2 protein chains.
Amino acid sequence: MFGCLVAGRLVQAAPQQVAEDKFVFDLPDYENINHVVVFMLGTIPFPEGMGGSVYFCYPDQSGMAVWQLLGFVTNEKPSAIFKISGLKSGKGSQHPFGAMNLPQTPTVAQIGISVELLDNLAQQTPVASAAVSSVDSFTEFTQKMLDNFYNFASSFAVTQAQMTPNPSEAFIPANVVLKW
Amino acid sequence: MFGCLVAGRLVQAAPQQVAEDKFVFDLPDYENINHVVVFMLGTIPFPEGMGGSVYFCYPDQSGMAVWQLLGFVTNEKPSAIFKISGLKSGKGSQHPFGAMNLPQTPTVAQIGISVELLDNLAQQTPVASAAVSSVDSFTEFTQKMLDNFYNFASSFAVTQAQMTPNPSEAFIPANVVLKW
């Protein structure tokens, strides 16, 4: 029903079915993974009114499983790319895999897919940093960052009349920052 | 041998084979596509010493096919994510599909895979904006941009002793820029 692809590696199309409605892919050497693609194989659709929540699970320093909600796949949106590099600093989220005690190996993470009612999925909020769509607003993000920087730097701007005498301190004309 | 997945859509695993060593996937409604994943199915590897160059082909305003090299898949790196949104402003690159005259429909683009010697692939340069790996070095990129900015702004730095009198011009202490 599901496939999973780590960018740069071979596709996996045979998840471990850990419950009637729960599927798990192993991600070996997960610290070297940037992007993961989760998709429906197109063979069996979700039952009507249902979809899948996609979780990333990795072992914390003490070997306990930390789960983070990456997003969803549904019959209408049967594939998604997630960015998992950089997720490790985040906190775990609520998840439906609680009782399963997946074996935790220090270098192996998991992708877990839980088949649930669409109504349930609509109430769940994925971790923002996993959304690859944010990549599309890269330019926008950069512009916002520079705007922030200009606002930040400008708050320190002084005119010569306001300067305390200190001939060695270097100053940058504010319009240089703005033009850049 | 190959699969193709548009983020958000169903996977395609049956390319059109347009020559012994050339495969094409159609991408309907390509203007609404951001990311494309190209991967080997894992059934048949490339012959030794060979790999695949991956091209994006779209119709220009006059309906002519424009080809751009996105990157490569090989037995060692059997999958890749490419960003195709934003490629339309780029120029076409040399490509090996020249004589094929794929039918051009205004809203349909193609992914073309050409099986070639690895030595040939090594001499080809994909369009930079297609590399999703650049996303991975986002922090690095941002840091480099800020370093560039500091170097740029610093070149304008003056001390009070060097300032021409102009009480209304605003200045930003250089160490504010550096600390940020």
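Here's what I pulled together on the structure shown here.

Definitions and limits used
Within any chain, residue numbers begin from 1 and follow the written order of that chain's sequence. Each chain takes a letter, starting from A, and each ligand takes a number, starting from 1, following the order in which they are written. Given that this is a predicted model, residues contribute local features only at a pLDDT of at least 70 and side-chain atom pairs are listed and counted only at 80 or more, while totals for whole chains, interfaces and linings are drawn from all residues. The basis for the side-chain values is all heavy atoms of the structure; hydrogens and waters are excluded. The secondary structure listing takes helices from DSSP runs of H or I that are at least 4 residues long and strands from runs of E that are at least 2 residues long, numbered from the N terminus. Whether two residues are in contact is decided by their heavy atoms: any pair within 4.5 Å suffices. Relative accessibility decides the category of a residue: with a 1.4 Å probe and only protein chains considered, values under 20% of the type maximum give buried, values over 50% give exposed, and everything between is partly exposed. A 3.5 Å cut-off defines polar contacts: any pair of N or O atoms within that distance qualifies, except that in protein one atom must be a possible hydrogen donor and the other a possible acceptor, and neighbouring residues in sequence count only when both atoms are side-chain atoms. For Phe, Tyr and Trp, rings pair up if their centres lie within 6.5 Å, where Trp contributes its six-membered ring, and each pair is then called stacked (planes under 30 degrees apart), edge-to-face (over 60) or tilted (otherwise). A pair of strands is treated as paired once DSSP finds two or more bridges between them. Every axis in this analysis is a line fitted to C-alpha atoms, fitted for helices over the stretch in contact. Angles between the N-to-C directions lie between 0 and 180 degrees.

Glancing now at the overall build of chain A. Tallying secondary structure elements over chain A gives 4 helices and 10 strands in all. The order of α-helices and β-strands along chain A, N terminus first, is β-β-β-β-β-β-β-β-α-α-α-β-β-α. Of the contacts made within chain A by residues no fewer than 6 positions apart, 70% connect residues no fewer than 24 positions apart.

Quick look at the environment of proline 45 of chain A now. Residue and element names in this part refer to chain A. Structurally, proline 45 is set in the loop between strand E4 (35-40) and strand E5 (50-59). For proline 45, a relative accessible area of 52% gives the class exposed. Taking the C-alpha atoms as reference, proline 45 lies 8.4 Å from threonine 74; in sequence the two are 29 residues apart. When sequence neighbours within four positions are dropped, the list of residues in contact with proline 45 reads Met1, Met40 and Asn75.

Time to look at the side chain of serine 53 of chain A. All names here are of chain A. Positionally, serine 53 belongs in strand E5. A relative accessible area of 0% places serine 53 in the buried class. Side-chain polar atoms of serine 53 contact the side chain of glutamate 116, separated by 3.2 Å. Each residue touching serine 53, except ones within four places of it in the same chain, is listed here: Leu69, Gly71, Phe72, Gly112, Ile113, Ser114, Glu116, Leu121 and Gln124.

Taken as a whole and judged by the stated rule, the model has 17 aromatic pairs over all chains. Look at tyrosine 55 of chain A and tryptophan 67 of chain A: their rings are 6.3 Å apart centre to centre, the planes differ by 75 degrees, and that puts the pair in the edge-to-face class. Placement of tyrosine 55 of chain A in strand E5 and of tryptophan 67 of chain A in strand E6 (residues 65-73) is noted, with a sequence separation of 12 residues between them. The same class applies to tyrosine 55 of chain A as to tryptophan 67 of chain A, namely buried. Aromatic pair tyrosine 30 of chain B and phenylalanine 56 of chain B: ring centres 6.2 Å apart, planes at 65 degrees, arrangement edge-to-face. Here tyrosine 30 of chain B is found in the loop between strand E3 (22-27) and strand E4 (35-40), whereas its partner phenylalanine 56 of chain B is found in strand E5 (residues 50-59), with 26 residues between them in sequence. Accessibility classification places tyrosine 30 of chain B together with phenylalanine 56 of chain B in one group, the buried group.

It is worth spelling out the sheet that holds strand E7 (residues 79-83) of chain A at this point. All names here are of chain A. Overall, antiparallel pairing links the 3 strands, which are arranged E1-E4-E7 in an open sheet. Bordering the open sheet on either side are strand E1 (2-6) and E7, each of which pairs with just one other strand. Strand-to-strand twist across the sheet, computed as the mean angle between neighbouring axes with direction ignored, equals 15 degrees. The pairing of E1 with E4 spans 5 bridges and is classified as antiparallel. Paired with glycine 3 across the two strands is phenylalanine 39, which belongs to E4.

Residue and element names in this part refer to chain A. Of all the 5 residues making up E7, 5 are buried; the element is thus mostly covered by neighbouring parts of the structure. Residues Ser79, Ile81 and Lys83 of E7 are buried on one face, and the alternating residues Ala80 and Phe82, pointing to the opposite face, are buried as well. Where E4 and E7 come together, 5 bridges link them in antiparallel fashion. Its bridge partner being in E7, valine 36 is matched across the sheet by phenylalanine 82.

The next subject is the sheet that holds strand E2 (residues 16-19) of chain B. Residues and elements named next belong to chain B. Within the open sheet, the 5 strands sit side by side as E2-E3-E8-E5-E6. Their pairing is antiparallel. Each edge of the sheet is formed by a strand with only one pairing partner; in this case those strands are E2 and strand E6 (65-73). Neighbour-to-neighbour, the strand axes of this sheet turn through a mean angle of 30 degrees, independent of strand direction. Here 8 bridges tie E5 to E6, and the two strands are oriented antiparallel to one another. Bridge pairing links valine 54 to glycine 71 in E6.

We now examine unusual backbone geometry. Unlike most non-glycine residues, aspartate 29 of chain A shows phi in positive territory, near 50 degrees. Topologically, aspartate 29 of chain A is positioned in the loop between strand E3 (22-27) and E4.

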